[in-house]
Amino acid sequence: MKKLVVANLKMNLGLEAVQKYITTIKGQITNQLLVIICPSFPFLSLFKSAEYQLGSQNTFYKKDGNYTGEVSPSQLKSLGVKYIIVGHSERRLIFHETNKIINQKVAAVLKENLYPILCVGENKEQKLLHKTPVVIKEQLNEALKKIDQEMLNDVIIAYEPIWAIGTGLTPTPGEINSMGEFIKRVMSFEYNANNTRVLYGGSINQNNIKSIFSLENIDGVLIGGAAVNPDLFIETLNKIS
Ligand code: 13P
């Protein structure tokens, strides 16, 4: 199976910059990788291309109705979205998304036969107290409550330590690989999901992408800042091969 590169563009780029982004990356992406671009909602349809897959940074859990400002998994699906990031720490912290909401979103995404990219990760204090595995396991258990057994292998888990996002800091490759192994073990033993893909996200850059990408228990990366400038994004991807 191809390893994944997910570009989370967050709330960056306007129309002109998006158009430039698309022309810059065109023809530059190797088909050895499964690249998923997650732009802001208004630009999703501009990004439709055979070269990469389309992802969304968020969704609501209802299918339709009076929910001003929200977007549903079925609406996203109709635009060609296949992957939806759920439970990003910025959503948890800034928009107060609870584990219950995240659980409802995971279920709603799977119901449309789309792939949730479920983000989990500890904060700095939890890391210093050596609580990382406990925190991650609890986030997984809460987010995956009552999810149909046969759909669990479609859930992609992104391990994103909060203290590593946008800081230039990362865990060591050994620590990242151990967390990948731990998450796969939880998914296998507790959920009988033996094919779970685990991504790493947090300060991925040109210097560290190759060593993290090649880790045995890591199936890809979730890139923020290093994906926003299209030239730097391609340079970063080129470091993998
Ligand atoms: P950075 O790569 O900018 O640290 O962001 C990571 C992230 O939050 C991806 O979802």
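Quick note: structure is the one above.
Computed from a predicted structure; not experimentally measured.

**Student:** Which parts of the structure should I look at to understand the site of the ligand?
**Tutor:** As a structural note, the neighbourhood of the ligand is formed by Asn-8, Lys-10, His-88, Glu-160, Ala-164, Ile-165, Gly-166, Gly-202, Ser-203, Leu-222, Gly-224 and Gly-225. The separation between an oxygen atom of the ligand and a polar side-chain atom of Glu-160 is 3.0 Å. For the ligand, an oxygen atom lies 2.8 Å from a polar atom in the backbone of Ser-203.

**Student:** Explain the pattern of salt bridges here, please?
**Tutor:** Where charged atoms from two side chains of opposite charge approach closely, those side chains can pair. Going through the model one piece at a time under the given rule, you end up with nine salt bridges. Lys-127 is paired through a salt bridge with Glu-175; the nearest N and O atoms lie 3.3 Å apart. Note that Lys-127 is positioned in helix 5 (residues 124-128) and Glu-175 in helix 7 (residues 173-191), a separation of 48 residues in sequence. Take Lys-127: its relative accessible area is 27%, and that puts it in the partly exposed class. Look at Glu-175 and you get partly exposed, because its relative accessible area is 35%. Close ionic contact of Asp-219 with Lys-184 constitutes a salt bridge, the shortest N to O distance being 2.7 Å. Of the two residues, Asp-219 sits in the loop between helix 8 (209-213) and strand 8 (220-223) while Lys-184 sits in helix 7, which places them 35 residues apart along the sequence. Asp-219 gets classed as buried once you look at its relative accessible area, which sits at 16%. Under the relative-accessibility criterion, Lys-184 is labelled partly exposed at 21%.

**Student:** Got a minute to help me understand the sheet that holds strand 3 (residues 53-56) in this structure?
**Tutor:** Think of a sheet as strands paired side by side through backbone hydrogen bonds, with each pair either parallel or antiparallel. The eight strands are arranged 1-2-3-4-5-6-7-8 in a closed barrel whose pairing can be described as parallel. The sheet shows a mean angle of 25° between the axes of neighbouring strands, taken without regard to direction. Of the strand pairs in this sheet, strand 7 (residues 198-201) and strand 8 are connected by three bridges, and their pairing is parallel. Paired with Leu-199 across the bridge in strand 8 is Gly-220. Helix 6 (residues 132-143) rests against strand 5 (115-120) and strand 6 (156-159) of the sheet, and its axis sits at about 145° to strand 5.

**Student:** So what exactly am I meant to see when it comes to the state of the cysteines here?
**Tutor:** Evaluated as defined, the whole model comprises zero disulfides. Note on Cys-38: no disulfide assigned, nearest cysteine sulfur contributed by Cys-119 at a separation of 9.5 Å. The class for Cys-38 is buried, based on a relative accessible area of 1%. Overall, Cys-119 belongs to the buried group, its relative accessible area being 2%.

How each quantity is defined
Residues numbered from 1 in each chain as written. Predicted model: local features only at pLDDT ≥ 70, side-chain atom pairs only at ≥ 80, totals over all residues. Heavy atoms only, no water. Near = heavy atom within 4 Å. Polar contact = N/O pair within 3.5 Å; in protein donor to acceptor, adjacent residues only side chain to side chain. Salt bridge = Lys/Arg side-chain N within 4 Å of Asp/Glu carboxyl O. Helix = DSSP H or I, 4+ residues; strand = E, 2+ residues; numbered from the N terminus. Buried < 20%, exposed > 50% of the residue type's maximum accessible area, 1.4 Å probe, protein only. Pairing = 2+ DSSP bridges. Axes fitted to C-alpha atoms, helices over the stretch in contact; angles between N-to-C directions. Contact = heavy atoms within 4.5 Å. Disulfide = S-S within 2.5 Å.

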